[in-house]
Amino acid sequence: MGRLYLIYLEGNKYTCKYCQTHLALADDIISKSFHCRHGKAYLFDKVVNVTNGEKEERMMITGMHTVVDIFCVGCGSIVGWKYEAAHEKSQKYKVGKFILERFKVLGPDGSNYSITQDTHMAGSDGDDV
């Protein structure tokens, strides 16, 4: 394996909870109203230091989407997914955007999200994998 080059972010950032690799800036959050199996998930415009998995079709609350799981380059942990395609016209805004699962990342203040915190999903306009 070659040398690993990481992008370091300045400002309020989200990091991998396992290895603290920088993943995204708080300023790049589009929405905090998404959900996944582990609770909250945030939609980001840009994410760094991730690799993509294989494309797959996934049925979510808002319809069928083509997604790739994204993995932290520092430790290989899955941290969320990227939208490659949306089959519903109203969901096209997600294409090219990233979901980071809040349970798998540390917040800008170093906070860790617990599964027991706010796992109520009713009324959300977000997705569920």
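Structure shown above.
Residues numbered from 1 in each chain as written. Predicted model: local features only at pLDDT ≥ 70, side-chain atom pairs only at ≥ 80, totals over all residues. Heavy atoms only, no water.

What about the sheet that holds strand β6 (residues 63–72)?
In spatial order, the strands read β3-β4-β8-β7-β6-β5; together these six strands make up an open sheet with antiparallel pairing. Among the strands making up the open sheet, the edge pair consists of β3 (29–36) and β5 (50–60). Strand after strand, the sheet turns through a mean of 30 degrees between neighbouring axes, direction not considered. Relative to strand β7 (residues 78–86), β6 runs antiparallel, the two sharing seven bridges. Paired with D69 across the bridge in β7 is W81. (Pairing = 2+ DSSP bridges. Helix = DSSP H or I, 4+ residues; strand = E, 2+ residues; numbered from the N terminus. Axes fitted to C-alpha atoms, helices over the stretch in contact; angles between N-to-C directions.)

Considerations on the nonpolar core
Counting residues in each nonpolar core, the largest one holds 14 residues, and the members touching the most others are L23, F44, V47, V50, I70, V79 and L100. When residues of this core are traced back to their parent elements, those giving at least two are β1 (13–16), β2 (22–25), β4 (39–44), β6 and β8 (98–101). The contacts of F44, once residues within four sequence positions are left out, are Y14, A24, L25, D28, I29, I30, K97, F98 and L100. Core analysis: the next-biggest nonpolar cluster, separate from the first, contains nine residues, F34, A41, M60 and I99 among them. (Core = buried A, V, L, I, M, F, W, Y, C linked by side-chain atoms within 4.5 Å. Buried < 20%, exposed > 50% of the residue type's maximum accessible area, 1.4 Å probe, protein only. Contact = heavy atoms within 4.5 Å.)

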